[in-house]
Amino acid sequence: MTAPLPQDADGLRARTRLAKKWAYLLSSRTFIPMATTELERKLLGLVEQLCAGVTSGSLAQRAGREAGEALVDLNCTTAEALQASVEIVGKGLMAMPALAPPDKLRERVVDVIASLAAAFVDRVRASTLAQQEQLGRSLYRAMREAQVELQFSEARLELLEHHLSTGIAISDLDGKLVRSNAALGRIVDRTPAELAATSVFELVHEDDRTALRADFAELAGGGTVSITQPRQLLRADGELAWVTLTLSPLRRSESPAQVMVLAEDATDVNLLQGQLNHQALHDVLTRLPNRQYFTSRLEQALRTADPGAGVSVFHLDLDGFSRITGGLGREVGDHVLKIVAGRLRALVVEENAMVARFGHDEFAILVENTPSTPDVVTMIRRINDLLSAPFHADGHRVAVSATIGVVHRPPRDSTPSDLLDSADLTLRRARGVGRRQWELADRAQDGRDRRTSSLAATMPGAWENGEIRVLYRPVVRLADGRVESADVVLRWDHPALGGLPHEQCLALAEDTGLIVPLGTWALREACEQAREWRREPGRGLPVRWALTPSQAADPDLLGVVRDVLSETGLPASSLRLGAPAQALFGDLGEAADNLGYLAEHEVGVELEDFTAAPADLVRLVEGGSVRAVRMAQSSATEPGSTVSRALAGVLEVVRDAGIGLTAAGVTTPGQARWWREVGADTASGPLFAPAGPPDAITR
Amino acid sequence: MSWFTKRERPPEHAMSDLDWVPEGIDVTVPSVARTYDYLLGGAHNLAVDRAMGDQMLKVLPGARDLVRLNRAFLRRAVTYLAERGVRQFLDIGSGIPTAGNVHEIVRDVARGCRVVYVDKDPVAVVHSRLLLADDENTTAVQADLREPEDVLSRPEVTGLLDFDEPVALLLLLVVHFVRPEEEPGGLLARYRDRLAPGSFMVISHATADDRPDTMARAADTVRESRSKDNLVYRTHAEVTSLFDGYELVPPGVVGHALWRPGGAGDIADKPEDNTQVWAGVGHKPVTGGR
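Nothing here was measured: the structure is a model prediction, and the numbers come from that model.

Rules and cut-offs
- Every chain is numbered on its own, with residues counted from 1 as its sequence reads.
- Note on labels: chains are lettered from A, ligands numbered from 1, in written order.
- This being a predicted model, a pLDDT of at least 70 is required before a residue's local features are given, and a value of 80 or more before pairs of side-chain atoms are given or counted; all residues contribute to the totals for chains, interfaces and linings.
- Fitted lines through C-alpha atoms give the axes, limited to the stretch in contact for helices. The angle between two N-to-C directions lies from 0 to 180 degrees.
- Every helix listed is a DSSP run of H or I at least four residues long, and every strand listed is a run of E at least two residues long, numbered separately from the N terminus.
- Note on angle classes: values under 35 degrees are labelled roughly parallel, values over 145 roughly antiparallel, values of 65 to 115 roughly perpendicular, and the remainder oblique.
- Two helices that cross are described as forming a left-handed crossing if the nearer one is turned anticlockwise from the farther one by less than a right angle, and a right-handed crossing if clockwise.
- Distance between backbone-placed C-beta atoms decides contact: two residues are in contact if it is within 7 Å.
- Charged means Asp, Glu, Lys or Arg here, nonpolar means Ala, Val, Leu, Ile, Met, Phe, Trp, Tyr, Cys or Pro, and polar covers whatever is left, Gly included.
- Strands are labelled as partners when DSSP assigns at least two bridges between them.
- Residue count minus one, scaled by 1.5 Å, sets the expected span of a helix.
- Labels follow a simple rule on C-beta atoms placed from the backbone: if 20 or more others lie within 10 Å of a residue's own, it is buried; if 12 or fewer, it is exposed; otherwise it is partly exposed.

(A) Structural view of the packing of helix H1 (residues 9–27) of chain A against helix H4 (residues 79–94) of chain A. Residues and elements named next belong to chain A. Put simply, H1 and H4 touch, their axes get as near as 10 Å, and they point 165° apart. The angle between H1 and H4 places the two elements in the roughly antiparallel class. Of the two possible hands of crossing, H1 and H4 adopt the one that is right-handed. Residue-level inspection shows Leu18, Lys21, Trp22, Leu25 and Leu26 of H1 in contact with H4, the latter providing Ala81, Ala84, Ser85, Ile88, Val89 and Gly92. Looking at side-chain class alone, the contact of H1 with H4 contains eight nonpolar, two polar and one charged residues.

(B) Up close: the pairing of strand S14 (residues 483–494) of chain A. Residue and element names in this part refer to chain A. Taken together, the nine bridges between strand S13 (residues 468–477) and S14 define a ladder with antiparallel strand orientation. Paired with Val476 across the two strands is Val483, which belongs to S14. In sequence, S13 turns back onto S14 through a hairpin of five residues, with Gly481 there showing a positive phi of about 75°. Across two bridges, S14 lies against strand S16 (residues 543–546) in parallel orientation. Bridging across to S16, Asp487 finds its partner in Arg544. Sheet topology places S14 next to strand S15 (residues 498–500); three bridges connect them, and they run antiparallel. By the bridge assignment, Trp492 is partnered in S15 with Leu500. Connecting the antiparallel pair S14 and S15 is a turn made up of three residues.

(C) Spatial organisation of the sheet that holds strand S12 (residues 438–440) of chain A. Residue and element names in this part refer to chain A. Strand order in the open sheet formed by five strands is S7-S8-S6-S11-S12, with mixed pairing between adjacent strands. In the strand order of this sheet, the two ends are held by strand S7 (352–357) and S12, each with one partner. Strand-to-strand twist in this sheet, taken as the mean axis angle between neighbours without regard to direction, amounts to 15°. Alignment of strand S11 (residues 402–408) against S12, held across three bridges, turns out to be parallel. Counted as the bridge partner of Val406 is Leu440 from S12. Relative to the sheet, helix H14 (residues 376–388) contacts strand S6 (311–318), S11 and S12, its axis offset from that of S11 by approximately 155°.

(D) Highlighting helix H13 (residues 330–347) of chain A. Given a rise of 1.5 Å per residue, 18 residues ought to cover 26 Å, and the 25 Å separating the end C-alpha atoms of H13(A) matches this to within 8%. Of all the residues in H13(A), the buried ones are A:Gly333, A:His335, A:Val336, A:Leu337, A:Val340, A:Leu344 and A:Leu347.

(E) Representation of the environment of B:Ala257 in the model. All names here are of chain B. By the secondary structure assignment, Ala257 is in the loop between strand S7 (254–255) and strand S8 (277–283). Spatially, the C-alpha atoms of Ala257 and Ala72 are 7.9 Å apart, while their sequence positions differ by 185 residues. Contact partners of Ala257, with chain neighbours within four places excluded, come to Leu69, Asp266, Ile267, Ala268 and Asn274.

In structure tokens, the structure reads:
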């Protein structure tokens, strides 16, 4: 830029004015990153260059180009900026006549402006291309970084796979597995190929499928919250894998949603839980399942057992086990229990069976029957054979036997508790028969037993409430029909069941052990009543109480009778005690001794329920302590029967021995007559009078 | 071997080559930063950005002026701060670094100024890094204004800026993308608590106070584009309250063209164009602050 510009003040003022106006126009149209004054200074420089170009002519194009490029560098890149520039600069230069000769001015200004515009366009184009290329590079780099980040993420996930045991899979909304990791394969014991061909629903246990489908439906319906539930997965080896399953929705624009499935193996946790369960469900001593475990297995077995074969439950009670612990010590007892447990387990090792220990010396066996399962009788025999083989325990030779209640093939709709109750009742019935006995459950019998049990349980309360009374049944002299004595009987005025008769009261009381105090009470009541009767002139009715077996064997019986007699002042001869043959002639000794002693002290001892069996007859006649025998009215004692004729002979032997005979349960005059003929002294029964309160008998 | 036993994508996912591209790099979605560049006359933009810019110009013919005036306000404010001795600048929502960026402005005032640009647009940040490669006093970070603790703990930020010394926090045309439920007041307080006394905060914020209908249409334009950002206009009082804890530098919160204008180009011809953005500079007091 060598051409000198006119240095006149007017020229400078005009150029400055042009620059200021240009700056204003540009800065109000486009952002120029500099202060106004600086812009004006820069533009003044451009104006002076352009003026010089016009003046020199040869520099016109170059000056124009440089101004055009400078504009773009100032960030004036819009068409609007170019238009404004062309307009204001063109007009401004044309208004400066000093720049060039009049015939050249217009041509040179056009030259300058055309070059400015051309350079502007070139510069804008170049700048735009450069910026676009920069942007393209930045986009590429940003994507590249994102890709690297993605690869890094994948690498991290890959690492996770090696260090986590969590199963990870992605499924579509139908549960079909799209991807899965090796850990999932390990959890469900399947190969990648097997997993790829399966769905989440096929992997979960059927019990969980419905719930899982509901979970998927929720996610498919737009649910955004992860769902975590404990679930059971089916392993290829048939075992179950306990997992915590988390389902999370995966959504991407323009892609169908998927589900991320996380399976955390919870089997270890469940194993630990299982161990705790084991402790809760097993007997510590024998390691056998306990009653609770047995019950739940029973429930399952009732549902799943072959309906044709059914199940069998054996409820065992070791006979006399308390004698083993009492006599040989607790340790021997424990040892015996372990031996028994082992033997029972060995017994059913080939069956689908469970052996459990229920209580102290009670065991139970559940057998899910198959066609090859031995029948009940064979099973019982095997149990007895196994248990009776003697073994050594702490230097002692021990053998055990068991009493067994059996429930065989109960109905499928039985509940476990019903079934166990039935087994228990059956066992108790068997125990009532003796040692080493067994019985099959009988549902009707069960019902009766069950009612009896509940009645027996409420009896003490009823006694306390005065529901149980002592009544007197007249015993009549057959010769003249006069009341000779009074049978003492009990009656339970049950609020719901009505009056329960004497025999039932005794049976119930015997069941629960209530009989001893109840019997003592009845005895005392009766003796007090007898004393009352003695106070009336001409009366003196003895009372008669039939002892039950356990009362007869009660070591305190003598003391009780003595106390009652002394307290009431009743002569011993006014008390008669009936005793069963078993008590009188049994091996137990104690009862017989008791009764012999009482007889010596003038208490009338009588034999109850005399059957006229030869053995009894011999003992009766030889014993000498029995005052009388009582026979119940029966078919044998029906007048005219062949048996009755034979019986008459037997009774003659009794009479000859000086032993009295009394008949019970007489209902017709013919029966009464027969008894008189065979030598009976007295009789009782419906023919004469029912049992009633004391005053009824005295009338 | 991948952690997936089955590597190949299912067929329905083969449709897009770019489905792994994170938000902000998807070239089919307009970017606020690139549209801003377009309106400023730059060419760092794509067809989708220009389409949005053109649509914006239709509903708001003064849009070019808006961005130009905002850029001019930035220049004046930053120059003012540099002259008041501030040497550290944290520019959040910096966008595409076109002409007249903060580091260029302050370079003309003082040596040794340090500038950190923050934007959530990954392209803008990568672009900034390209341009700033040789400048050790300037860097760019991809982060979100709405996560102050993240922004303030980035190594690029803590490495370049000393928060024991005054910092100028620049928030130009960015706070109006923070929704009310994101509690802009509480958000800015978290920044304020980290700034040393003597620090400054600069805000420019779009408003509909003067032209509710026009501005509503402008907001609709942004909303209808697939951009994730939506404009939330705030009143003069609301913008003023964003400066809680700061003392406003005179003239306070005013139209961005009216904040200490330096020449004809700083002010638009149409008066309403001068006040469609509220702008202000706050000073965190040296005593009684923190």
